[in-house]
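Spelled out, the chains give:
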Amino acid sequence: MDTTPPRWLRRTASTSAPGLAFGADYNPEQWPRATWDEDVAAMRAAGVTIVSVGIFAWARLQPTADTWTFEWLDDVMDLLHANGIAVDLATATASPPPWLTAAHPEILPVTVRGETMWPGGRQHWRPTSPVFRRYALALVAAIANRYAGHPALAAWHVSNELGCHNVYDYSDDAAHAFRGWLRQRYHRLDRLNDAWGTSFWSQRYSDWAEILPPRLAAAHPNPTQQLDFKRFSSDALKEHLRAERDLLRTITPDVPITTNFMVMGETNAMDYADWAGEVDFVANDHYLEPGPGGLSELLFSANLTGMLAQGRPWFLMEHATGAVNWRPVNVPKRDGELLRDALAHVAHGADAVCFFQWRQSAAGAEKYHSAMLPHAGLDSDLFRRVVDLGATLRALAPVAGARRRPAEVAILFDWVSWWASEQDSHPTSLLRYRSEALDWYRALQRAGVRADVVPSSTPLDGYPVVVAPILHVVPAALTDRLARYVASGGHLVTTYFSGIVDENDHIIPGGYPGGLRALLGLRVDEFGPLPDGATVALDNGTEGSLWTDRIDGLADDTGILARYTTGEYAGRAAITRRPVGRGSATYVSTRLGPDGLRPVLDITLAAADVHSGLPAAARGRVEHTVRQAGDEEFWFLVNLTDEPVDIDGIDGAMLVPPHGPAVLAPRGVAVIQRAADHSGHGKPDPVRPVSRQASG
Ligand code: GLA
């Protein structure tokens, strides 16, 4: 394993010692030159080590097709370097300048309704436009050649949040590229016709040229066409990423390349499991959802990002010090949340903690978005909190490079199932794939059991328990893999609307859950989705919503864990479990929510001999993660509540808070350095008697 720290992890430009990186997007082009000197002085005061520069600077770098103005950026790069601040340099292709869209309006994306997305905002370019690609790559080449040898250059930042605004483009360029993509997938038109089920509604194609993106149609567009368009759209942006990356690699082979993902909330158009291998290190942007579920959502996203990075350090490219500007109501962070949220990402493997943005804008659409240096200036509570965070991250330098220690429970996360399960013309439009996955994550949090949120292609052997919520799309290879997992002693739990279709979104016949029917040992004859707000009772004391199943056939060896006691299916099985050798396959036919999932979770965890590694008083009140480096490990305990939590009973030296007490503050985070437990994957974390030392 290569143990050299990545460039962006160097504590300063002049040292190779690793530390956690700290910084922000820096947009000096919005400010006069004199402000830059104030900026770098304040960055030094805050302990900033890295900034992302040039993200929206295309118009300033290339003011006309034939003019290049790099001098100001030279100045910025030199200034940052002179102050020991490294640069994650953007390729600046995110937002094309007015001269380009005026000369080439054919690069502008087109919506599903055929409307042009005009310039005036940002990211108004078609992922498949050859014209845009040509201009973008010329810019990339110019920047890369100019700064190839610059000592501040630590990493390349390709574009910005690829797909944030332009992922679904229905233009003629998209139609052309979609056909090319389909030819590669199906080779022959009859195969496409079969896969898309075009005998339905007279949709049979006789020529590739007849095929279009799923533009606004008179009735539900063909579901497989929609699913393939989602696959294609993710791939089209991935191709753009690759094009920029490959060019950068020819010019600066030693500079690591990333692009900032958006593993957060309901953003789902980019299959990041498929993208993660394309970058030299994974970077993510995350914005806290206000309200009670927000922290769990953050932790879930950070967890998944860490698994996309395969346990290696990743880069939190953006989050917010306070309010954003793009929700209907933009509330600031509450006391303690700035530090907590930053460390919650570190808990899941982030080795860089960066914000959008360094200095709060005075003009433009984001002037009400928080930043590290707010409108109020240096003498503000927010800036003091930023400085505190910088100091805390310095105290956590030993964590840099430490890998995430795998958990014993995996939650399978599958982008194609996410896309397919939420398509139109389904039994219910209320189903939300990610919400069900989050419910399981929260249920495990409440049990005090660590979980990894893993892409569905992840090897499962090391996990005694695998939860696969709404695993809707089950190609034969995945079915086989899950059957082998259970046969070799694994405990699989899955839910309603799983196992239903193959990769072409065709029903797997013979009764639901199609591909998983034999493994689960049951047959569902009919779905019974529930109206919004309706619930059914189960005889284990829990309550289901959203969905029920009419379970008709149970295999001889399938047991019933709970039955419905109300609703149409009262008396029938609601939760089943089929023991298979030392393993088991469990099915949950309704939405139970985090608390309702506990009984079935407890049965599964007990069967798999998986236990909480936390003292009883902390279980369910903290998120527990472990990062490990050689003979040391770091326990992160993130307070999930607004109350103090007793964390007495955990052996080790407190890194954060220094000389910390045995009680975790409301919204607090503790980081405890301990001797590594080498008992390995699949073993519970032993709780040892307390002997807390100050870390110094
Ligand atoms: C995204 C973008 C940033 C900025 C922030 C605001 O993450 O990448 O440029 O617009 O949103 O939250």
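Before any of the text, the structure's been laid out above.
Residues numbered from 1 in each chain as written. Predicted model: local features only at pLDDT ≥ 70, side-chain atom pairs only at ≥ 80, totals over all residues. Heavy atoms only, no water.

Asks: Would you take a moment to explain the site of the ligand for this structure?
Replies: Near the ligand you find F56, R122, N160, E161, D285, Y287, E318, W326, F356, E366 and H369, and these make up its full shell. Between the ligand and N160, the relevant distance is 2.8 Å, taken from an oxygen atom to a side-chain nitrogen or oxygen of the residue. Within the side chain of H369, one N or O atom sits 2.7 Å away from an oxygen atom of the ligand. Protein burial of the ligand: of its 310 Å² of free accessible surface, 97% is covered by the chains. The residue inventory of the shell around the ligand, partitioned by class, reads four nonpolar, two polar and five charged. (Near = heavy atom within 4 Å. Polar contact = N/O pair within 3.5 Å; in protein donor to acceptor, adjacent residues only side chain to side chain. Areas by Shrake-Rupley, 256 points an atom, 1.4 Å probe, with all protein chains shown as cover. Nonpolar A, V, L, I, M, F, W, Y, C, P; charged D, E, K, R; others polar.)

Asks: Can you walk me through the packing of aromatic side chains in this structure?
Replies: Taken as a whole, this structure holds 35 aromatic pairs when the rule is applied. Aromatic side chains W418 and Y433 sit 6.0 Å apart centroid to centroid with 25° between the ring planes, which places their arrangement in the stacked category. Taken as a pair, W418 in helix α13 (residues 415–421) and Y433 in helix α14 (residues 433–447) lie far apart in primary sequence, 15 residues in all. In terms of burial, W418 and Y433 fall into one category: buried. Three or more aromatic residues link up through ring pairs in this structure, and these residues are F261, Y272, W275, F300, F413, W415, W418, Y433 and Y441. (Phe/Tyr/Trp six-rings, centres within 6.5 Å; stacked < 30°, edge-to-face > 60°. Helix = DSSP H or I, 4+ residues; strand = E, 2+ residues; numbered from the N terminus. Buried < 20%, exposed > 50% of the residue type's maximum accessible area, 1.4 Å probe, protein only.)

Asks: When you look at the nonpolar core in this model, what are you seeing that I'm missing?
Replies: As a rule of thumb, nonpolar side chains are buried together in soluble globular proteins. Counting 180 residues, the largest nonpolar core has L80, L89 and W358 as its most contacted members. Ranked by residue count, the leading element in this core is helix α5 (residues 130–147), at ten residues. Counting 15 residues, the second-largest nonpolar core is a separate cluster that includes W181, A195, I211 and F229. (Core = buried A, V, L, I, M, F, W, Y, C linked by side-chain atoms within 4.5 Å.)

Asks: Would you explain the sheet that holds strand β2 (residues 50–53) in this entry?
Replies: Hydrogen bonding along the main chain pairs the strands of a sheet, whether they run parallel or antiparallel. Strand order in this open sheet of nine strands is β5-β4-β3-β2-β1-β9-β8-β7-β6, and the pairing throughout is parallel. Edge positions in the open sheet fall to β5 (257–258) and β6 (260–261), since each of these has one partner strand only. Sheet contacts for helix α12 (residues 381–395): β1 (21–26) and β9 (350–355); angle to β1, the most-contacted strand, approximately 140°. (Pairing = 2+ DSSP bridges. Contact = heavy atoms within 4.5 Å. Axes fitted to C-alpha atoms, helices over the stretch in contact; angles between N-to-C directions.)

Asks: What exactly am I supposed to notice about the side chain of E633 here?
Replies: The topology assignment puts E633 in strand β23 (residues 632–639). Residue E633 is classed as buried on the basis of its relative accessible area, which comes to 0%. Within the structure, E633 has its side chain in polar contact with the side chain of R405 (distance 3.1 Å). Leave out the neighbours within four places in its chain, and E633 touches R405, V626, R627, Q628, I672, Q673, R674, A675, A676 and D677.

Asks: I keep staring at the sheet that holds strand β20 (residues 573–580) and nothing clicks. Help me out?
Replies: In space, the seven strands of this open sheet follow the order β12-β11-β13-β14-β21-β20-β19, with mixed pairing throughout. Edge positions in the open sheet fall to β12 (451–455) and β19 (559–563), since each of these has one partner strand only. Taking the axes of each pair of neighbouring strands and ignoring which way they run, one obtains an average angle of 20° across the sheet. Both strand β11 (residues 409–413) and strand β13 (residues 465–468) contribute to a ladder of three bridges, which runs parallel. What sits directly across from I411, in β13, is V467.

What is shown is where atoms sit, not what they do.
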